[in-house]
Amino acid sequence: DEALRRLRRAIELNPNSSFAHGYIGVVHAFAGEYDLAIASSREAILLSPRDLLTVIWRVVEGWAHLGAERFERAAESAQLAIDWNSAFVDAHGILASALAHGGRMDEARIALDDCVRQLPGLTLRDPRLIRPFRRAADQERFLDGLRKAGLPEY
């Protein structure tokens, strides 16, 4: 809530701040306000389409679509993020989870392998997978997709 207040103030001071718009999207995505997250991330991309932070705004879209159970769209956003910067590990995790939820298991396993390559020894209990979701169901949905893709519990 405090982050949202401060970011809105930043936009009052500079309505063209792609950074502030994008991070409002991050706050909304983790708060479970999916459509607001997507709108904010798209605004950030429109304001600065070649920004290095575009990978984050695409990941925000991925988190939002995953939370809303729009798995195909989550996979598309995650792939766009990977295309922008393949070193951003969250994109691979979102892609693996979304593809598994969508029943595309072969592709999900490949995405999971890419994620594990960046986070060796990864398991479902690994604290590196904890994200600041307001609702536990959103974290569990993400982990459940990784479980379906083949990530071991321990």
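The coordinates are above.
Read on for an overview of the structure.

Quick notes on the rules
- Residues numbered from 1 in each chain as written.
- Predicted model: local features only at pLDDT ≥ 70, side-chain atom pairs only at ≥ 80, totals over all residues.
- Heavy atoms only, no water.
- Helix = DSSP H or I, 4+ residues; strand = E, 2+ residues; numbered from the N terminus.
- Rg over C-alpha atoms; globule rule 2.2 N^0.38 Å.
- Contact = heavy atoms within 4.5 Å.
- Phe/Tyr/Trp six-rings, centres within 6.5 Å; stacked < 30°, edge-to-face > 60°.
- Buried < 20%, exposed > 50% of the residue type's maximum accessible area, 1.4 Å probe, protein only.
- Axes fitted to C-alpha atoms, helices over the stretch in contact; angles between N-to-C directions.
- Parallel < 35°, antiparallel > 145°, perpendicular 65-115°, else oblique.
- Left-handed = near helix turned anticlockwise from the far one by under 90°.
- Nonpolar A, V, L, I, M, F, W, Y, C, P; charged D, E, K, R; others polar.
- 1 Å grid on protein atoms, 1.4 Å probe; cavity = no way out; pocket = protein on both sides within 12 Å on 5 of 7 lines; lining within 4 Å.
- Points joined across faces, edges and corners; volume = space filled by probe spheres on them.

1. Focus on the overall build of the chain
Next up, step 1: When its secondary structure is counted, the chain shows eight helices and zero strands.
Next up, step 2: Reading the chain from its N terminus to its C terminus gives the helix and strand order α-α-α-α-α-α-α-α.
Next up, step 3: At 15 Å, the chain has a C-alpha radius of gyration in line with the 15 Å of a compact globule built from 154 residues.
Next up, step 4: Along the first, second and third principal axes, the C-alpha atoms of the chain reach 45 × 30 × 25 Å.
Next up, step 5: Excluding contacts between residues fewer than 6 apart, the proportion of contacts in the chain whose partners are at least 24 apart in sequence is 57%.

2. Focus on the packing of aromatic side chains
Next up, step 1: Counted according to the given criterion, the structure contains six aromatic pairs.
Next up, step 2: Seen from their ring centres, Tyr23 and Trp57 are 5.2 Å apart, and the 85° between their planes marks the pair as edge-to-face. Taken together, the positions of Tyr23 in helix 2 (residues 18-31) and Trp57 in helix 4 (residues 54-67) put the pair 34 residues apart, joining distant regions of the chain.
Next up, step 3: What makes Tyr23 partly exposed here is its relative accessible area of 25%.
Next up, step 4: Pairwise contacts between aromatic rings join Phe30, Trp63, Phe133 and Phe142 into one cluster.

3. Digging into the packing of helix 1 (residues 2-13) against helix 2
Next up, step 1: The N-to-C vectors of helix 1 and helix 2 enclose an angle of 160°; their axes lie 9 Å apart at closest approach. Overall, the two elements helix 1 and helix 2 adopt an arrangement that is roughly antiparallel. Crossing of helix 1 against helix 2: the hand is left-handed. Across from Ala3, Leu4, Leu7, Arg8, Ala10 and Ile11 in helix 1, the residues of helix 2 making contact are Ala20, His21, Tyr23, Ile24, Val27 and His28.
Next up, step 2: Partitioned by chemical class, the residues of the contact of helix 1 with helix 2 number nine nonpolar, two polar and one charged.

4. Looking at empty space enclosed by the protein
Next up, step 1: This structure, assessed with the given rule, holds one cavity of 30 Å³ or more.
Next up, step 2: Of the volumes computed, that of the largest cavity is approximately 40 Å³.
Next up, step 3: Together, Trp63, Val89, Asp90, Gly93, Cys115, Leu119, Leu129, Arg131 and Phe142 line the largest cavity.
Next up, step 4: Here the lining of the largest cavity gets three residues from one element, more than from any other, and that element is helix 6 (residues 89-101).
Next up, step 5: Here the residues of the lining of the largest cavity are counted per class, giving six nonpolar, one polar and two charged.

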